[in-house]
Amino acid sequence: YAALLATSAGSSERYCRKLEEKYQHDVYFCENTHTAALLALGCTVEATIKVLDGTCRHACACVRPPGHHATCSKAMGFSFFNNVAISA
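These lines cover the structure that appears in this document, whether it is placed above or below. Predicted model, so just to flag it, every value in this text is computed and none were measured. The numbering scheme is per chain: residues are counted from 1 as the chain's sequence reads. The predicted nature of this model means local features are confined to residues of pLDDT at least 70 and side-chain atom pairs, given and counted, to a pLDDT of 80 or more, with totals for whole chains, interfaces and linings taken over all residues. To obtain the side-chain values, all non-hydrogen atoms of the structure were included, while hydrogens and water were left out.

Side note on the environment of glutamine 24
In step 1: Positionally, glutamine 24 belongs in the loop between helix H2 (13–22) and helix H3 (33–52).
In step 2: Through-space distance from the C-alpha of glutamine 24 to that of methionine 76 is 9.3 Å; in sequence the pair is 52 residues apart. Each helix is a run of DSSP H or I of at least 4 residues and each strand a run of E of at least 2, with the numbering of both proceeding from the N terminus.

Next up, the structure:
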């Protein structure tokens, strides 16, 4: 489904609405959804790396989309990638 998510990048509003229908309007898409999801994921991974390499003792990634509802095969609940699971 990550490849399907990537197709939203730069897509028309009409195409994004079709993606929303596929996900039964549990998630919403726009032309920047893929970029936003990747940036949120990257921030969470970076925070994890900083704790693991000793740069800091604690970290909190305050990101949107949050990611905590996504599964390994489906976006859901306003989440596209499960950021914490991927970071672990």
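Topic: the nonpolar core
In step 1: The term nonpolar core refers to a set of buried residues drawn from Ala, Val, Leu, Ile, Met, Phe, Trp, Tyr and Cys, joined through side-chain atoms within 4.5 Å. A simple rule labels every residue: compare its accessible area, found with a 1.4 Å probe on the protein chains alone, to the largest value its type can have, and call it buried under 20%, exposed over 50%, or partly exposed in between. Of all hydrophobic cores here, the largest spans 11 residues; its members are Leu5, Cys16, Leu19, Tyr23, Val27, Phe29, Ala37, Leu41, Ala75, Phe80 and Phe81.
In step 2: Mapped by element, the contributors of at least two residues to this core are H2 and H3.

Focus on the pattern of salt bridges
Opposite charge on two side chains permits pairing when their charged atoms draw close.
In step 1: The salt bridge criterion pairs a side-chain nitrogen of Lys or Arg with a carboxyl oxygen of Asp or Glu, the two atoms within 4 Å. Evaluated as defined, the whole model comprises three salt bridges.
In step 2: The residue glutamate 20 makes a salt bridge to arginine 17 at a minimum N-O spacing of 2.6 Å. Placement of the pair is glutamate 20 and arginine 17 together in helix H2, with a separation of three residues, close to one helical turn.
In step 3: Classification of glutamate 20 by relative accessible area gives buried; the value is 4%.
In step 4: Judged by its relative accessible area of 33%, arginine 17 falls in the partly exposed class.
In step 5: With a shortest N-O distance of 3.5 Å, glutamate 46 and lysine 50 are connected by a salt bridge. Of this pair, glutamate 46 and lysine 50 are both found in helix H3, four residues apart, which corresponds to roughly one turn of the helix.
In step 6: When its relative accessible area of 39% is taken as the criterion, glutamate 46 is described as partly exposed.

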